[in-house]
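As a plain string of letters, each chain reads:
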Amino acid sequence: MSDLSFRPTRRFFLKGAGGAVLALPVLPSLLSTSEARAQAATANKCFVGFMTLHGGIQPGNMFPADATLTESMSYAGHTIYRGALNTGSTALSPVLTSPLLSPNLVSKLNVLRGLDITFLIAHHYGMASLGNLAATNDPHPMRSFPRPSIDQVMAWSSAFYPNLTGVRQRSIVATQNSVFSYQYADPIGRSGGIQPVSDQSSSLQIFDRLFPNVGGTQPTRKPIVDLVLGSYSRLRSNSRLSAADKQRLDEHVQRVHELERRLATVPVSCGSAPRPTQSNHSLLGGSLGNPSSSYQLNPDTQVRYFQLLNEVIALGFNCGVTRVASVMGDAYVNTFYAYSRDLWHEEVAHAETTATGQERLVAAQRQFFSGVVMDLATRLEGLSDGAGNTLLDQSLILWMQEHGPLAHEGFNIPVVTVGRAGGFLRTGSYCDYRNRSKVIDSSVGMAPGLTWNQLMGTSLQAMGVPRTEYQEPDHGGYGKRYVQTTKDNPDNPYGRYTGAQAWPDSVWSAAGDVLPYLRA
């Protein structure tokens with residue numbers, strides 16, 4: 001993490017926020033061969049986490065055909081499988097279908113099956129998808145073990161952001177009615193409680209944060225913290241101040257420090273960055289809590305809402321003013337199908353085993369994959385990193401769903417990755433990590449596989465965050481080890497395997513590895 005030992009000094013309070021930074025894209029034609037190679041080696045990586053609510057997609061609709069899996073190996077105590085994605089097809093599966101799936105983009109995808117949240121998490125509405133597995137909607141023992149979400153681990157890591165020059169915002173968090181991102185109350189000192197990160201869903205307001213006063217200059221101002229230095233010093237030296245109050249005071253000053261840093265980063269010009277003329281909120285025809293019926297019933301408009309976000313994210317990445325974004329597609333605002341959000345949960349999401357329910361779920365997830373995930377991938381692919389690669393080559397896009405093939409089940413959650421993470425990841429693969437010798441539900445091929453903790457750790461490592469910044473005392477992955485299935489309930493005689501049987505020590509011993517088949 002960055003600035004772990006930061007303590008405010010008089011120099012910090014006095015130095016202010018003067019100066020000007022003009023950030024222009026790197027021009028590859030002006031670099032020598034050696035400079036171009038050096039630029040490629042040190043190019044900044046970018047991360048995007050996408051999440052869509054519910055799930056319930058039958059394996060045959062979500063994943064490529066089993067015949068794709070032509071390789072196998074023993075790993076973590078069971079056999080796993082891999083195959084190459086068909087680069088000649090725009091339809092990898094009924095969900096993974098898009099006219100944007102060129103052979104080049106398919107070669108930069110991975111489709112992953114058999115990744116599990118290893119306990120009965122039920123609904124979490126995406127709150128747990130980025131690694132804070134304590135964020136379940138139901139009372140559960142795991143709620144005692146919160147963690148920051150991995151987007152915030154990246155955003156506050158000096159390994160990911162070794163230099164904050166030009167960075168206006170460490171991360172973008174764009175949700176609607178739920179929480180997706182979590183961090184310490186004091187992220188610099190990694191102290192205080194874990195709390196939701198405030199979000200901003202308006203594409204126009206996000207742009208204004210990233211590019212304030214485009215084309216203008218900021219007036220010289222007195223540093224904010226000059227106004228509180230005396231009070232801070234007197235309070236902290238007061239013998240009556242409790243340890244808890246000292247921590248609260250330090251956390252407050254840390255937040256002021258981060259605000260000062262952001263304000264000190266003056267407006268950025270990246271070529272010409274015209275302010276968008278339309279905000280995605282203008283499409284709602286109402287509020288996030290009550291969008292108009294015309295928005296609810298028009299999946300193309302819902303996709304456009306997220307494409308306007310994508311435009312700002314791609315521009316922010318290209319200009320280096322931010323490199324982390326987390327975006328949630330909330331089914332209680334957008335179903336991505338011509339269907340009322342008020343009826344979607346009961347009539348569609350929980351009808352996943354019916355033909356009609358499955359048809360609607362597949363169409364909705366396909367709409368998000370093609371119109372949102374692949375839209376951003378295409379934008380990043382069209383931007384140069386300045387060293388002969390594209391910005392997508394430097395990025396990792398992670399698309400997750402809330403559940404696996406059955407509603408309320410966190411087992412076998414489908415995951416799609418796009419991008420090579422600066423050459424860290426091998427791509428173009430369909431991987432199946434399930435232990436097929438331990439089938440839990442044969443109707444959907446549900447079997448325990450590898451852990452969500454390992455996926456989160458893989459994502460962090462791909463972005464350059466070392467394991468020493470996040471690994472747990474009893475395993476190398478990200479987040480608390482906790483296992484539970486219906487078999488662990490003594491009143492339920494129908495479970496086939498306990499949590500310890502489903503995810504034994506051999507699986508947890510591998511949790512610190514990069515997921516198999518993915519390391520370049």
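Source: prediction; values computed, not measured. (Residues numbered from 1 in each chain as written. Predicted model: local features only at pLDDT ≥ 70, side-chain atom pairs only at ≥ 80, totals over all residues. Heavy atoms only, no water.)

Novice: For this particular structure, what's the right way to read the environment of Tyr337?
Specialist: Locating Tyr337 in the fold gives a position in the loop between strand 9 (324-329) and helix 11 (341-347). Judged by its relative accessible area of 22%, Tyr337 falls in the partly exposed class. In the structure, Tyr337 is positioned 39 residues away from Asn298 in sequence and 7.0 Å away in space, judged by C-alpha atoms. Those residues in contact with Tyr337, other than ones at most four positions away along the chain, are Gln296, Pro299, Gln302, Trp344, Arg360, Ala363 and Ala364. (Helix = DSSP H or I, 4+ residues; strand = E, 2+ residues; numbered from the N terminus. Buried < 20%, exposed > 50% of the residue type's maximum accessible area, 1.4 Å probe, protein only. Contact = heavy atoms within 4.5 Å.)

Novice: How should I be thinking about the pattern of salt bridges in this particular structure?
Specialist: Side chains carrying opposite charge are able to pair once their charged atoms draw close together. Throughout the structure, instances matching the rule amount to 14 salt bridges. Between Asp432 and Arg434 there is a salt bridge, with its nearest N and O atoms 2.7 Å apart. Of the two residues, Asp432 and Arg434, neither departs from the other in class, the shared state being buried. When the shortest N-O distance is used, the salt bridge between Arg481 and Asp505 registers 2.6 Å. (Salt bridge = Lys/Arg side-chain N within 4 Å of Asp/Glu carboxyl O.)

Novice: Before we go on, may I ask you to explain the packing of helix 10 (residues 299-319) against helix 12 (residues 355-381) in this structure?
Specialist: Interaxial distance between helix 10 and helix 12 falls to 9 Å at its minimum, and their mutual angle equals 20 degrees. Between helix 10 and helix 12, the angle is such that the two are roughly parallel. For the element pair helix 10 and helix 12, the recorded crossing hand is right-handed. Residues Pro299, Asp300, Val303, Arg304, Phe306, Gln307, Asn310, Glu311, Ile313, Ala314 and Phe317 of helix 10 lie in contact with helix 12, whose contacting residues are Gln367, Gly371, Val372, Asp375, Leu376, Arg379 and Leu380. (Axes fitted to C-alpha atoms, helices over the stretch in contact; angles between N-to-C directions. Parallel < 35°, antiparallel > 145°, perpendicular 65-115°, else oblique. Left-handed = near helix turned anticlockwise from the far one by under 90°.)

Novice: Please clarify how the confidence of the model for the protein should be interpreted in this entry.
Specialist: Should pLDDT be low for a region, the predicted coordinates there are not to be read in detail. Overall, the predicted model of the protein reaches an average pLDDT of 85, with 82% of residues at or above 70. Note on residues 35-42: pLDDT under 50 across the span, and 10 contacts to partners over four residues away in sequence or across chains. (pLDDT = per-residue confidence, 0-100.)

Novice: So what exactly am I meant to see when it comes to the packing of aromatic side chains here?
Specialist: How two aromatic rings sit relative to each other is set out by the distance from centre to centre and by the angle between their planes. Taken as a whole, this structure holds 17 aromatic pairs when the rule is applied. Note on Tyr295 and Tyr305: the rings are 6.1 Å apart at their centroids and 70 degrees apart in plane angle, and the pair reads as edge-to-face. Of this pair, Tyr295 sits in helix 9 (residues 293-296) while Tyr305 is found in helix 10, placing the two residues 10 residues apart along the sequence. On the basis of relative accessibility, which here comes to 1%, the residue Tyr305 falls in the buried class. (Phe/Tyr/Trp six-rings, centres within 6.5 Å; stacked < 30°, edge-to-face > 60°.)

Novice: Looking at this structure, I do not really get helix 12. What am I missing?
Specialist: One turn of the α-helix equals 3.6 residues, which is why residues spaced by three or four share an orientation. Across its 27 residues, helix 12 extends 36 Å between first and last C-alpha, which sits within 8% of the 39 Å expected from 1.5 Å per residue. At Met374, helix 12 shows its maximal bend, which comes to roughly 35 degrees. For helix 12, a buried count of 19 out of 27 residues is recorded, marking the element as mostly surrounded by other parts of the structure. (Expected span 1.5 Å × (residues − 1). Bend = angle between axes of the 7 residues up to and from the residue.)

Novice: Sorry, what's going on with the sheet that holds strand 10 (residues 395-401) here?
Specialist: In a beta sheet, neighbouring strands are held together by backbone hydrogen bonds and run either parallel or antiparallel to one another. Spatial strand order, 2-3-12-4-11-10-1-9-6: 9 strands in an open sheet with mixed pairing. For this open sheet the edge positions go to strand 2 (71-75) and strand 6 (172-174), each flanked by a neighbour on one side alone. The mean angle between the axes of side-by-side strands here comes to 15 degrees, regardless of whether they run parallel or antiparallel. Contacting strand 1 (46-52), strand 6 and strand 9, helix 10 runs over the sheet at an angle of about 175 degrees to strand 9. (Pairing = 2+ DSSP bridges.)

Novice: Explain empty space enclosed by the protein to me, please; I cannot follow it from the model alone.
Specialist: To find leftover empty space, a probe the size of one water molecule is rolled over the atoms. For the structure on display, the rule yields 6 cavities of 30 Å³ or more. Empty space within the largest cavity amounts to approximately 90 Å³. Every residue lining the largest cavity is listed: Thr52, Leu53, His54, Gly329, Ala331, Asn334, Thr335, Phe336, Trp344, Leu361, Ala364 and Gln365. Looking at which element gives the most residues to the lining of the largest cavity, the answer is helix 12, with 3 residues. When its residues are assigned to classes, the lining of the largest cavity shows 6 nonpolar, 6 polar and no charged. (1 Å grid on protein atoms, 1.4 Å probe; cavity = no way out; pocket = protein on both sides within 12 Å on 5 of 7 lines; lining within 4 Å. Points joined across faces, edges and corners; volume = space filled by probe spheres on them. Nonpolar A, V, L, I, M, F, W, Y, C, P; charged D, E, K, R; others polar.)

Novice: What exactly am I supposed to notice about the pairing of strand 10 here?
Specialist: Working note: regular strand, side chains alternate between the two faces of the sheet. With 7 of its 7 residues buried, strand 10 lies for the most part within the structure. Where burial is concerned, the two faces of strand 10 agree: the one with Ser395, Ile397, Trp399 and Gln401 and the one with Leu396, Leu398 and Met400 are both buried. With 7 bridges joining them, strand 1 and strand 10 adopt parallel strand pairing. What sits directly across from Thr52, in strand 10, is Gln401. Summarising the sheet, strand 10 and strand 11 (residues 415-418) pair through 4 bridges and their orientation is antiparallel. Following the sheet pairing, Leu398 is matched in strand 11 by Thr417.

Novice: What is the right way to read the pairing of strand 9 from this model?
Specialist: In terms of burial, strand 9 is a largely internal element, 6 of the 6 residues being buried. Going residue by residue along strand 9, you find Val324, Ser326 and Met328 tucked away on one face and Ala325, Val327 and Gly329 tucked away on the opposite face as well. Pairing analysis gives 6 bridges linking strand 1 to strand 9, with the strands arranged parallel. When the bridges of strand 9 are listed, Met51 appears paired with Met328. Across 3 bridges, the pairing between strand 6 and strand 9 is parallel. From the neighbouring strand, Ala174 faces strand 9, where its bridge partner is Val327.

Novice: Got a minute to help me understand unusual backbone geometry in this structure?
Specialist: Excluding glycine, most residues fall at negative phi; most peptide bonds, likewise, are trans. The residue Tyr125 is not glycine, and still its phi comes out positive at about 55 degrees. Mapped onto the fold, Tyr125 is located in the loop between strand 5 (115-116) and helix 5 (150-155). A positive phi angle is found at Tyr517, which is not glycine, with a value near 75 degrees. Its place among the elements puts Tyr517 in the segment after helix 15 (505-509).

Novice: Looking at this structure, how should I read the environment of Gly285?
Specialist: Within the secondary structure, Gly285 sits in the loop between helix 8 (243-264) and helix 9. Separated by 10 residues in sequence, Gly285 and Tyr295 have C-alpha atoms that sit 6.7 Å apart.

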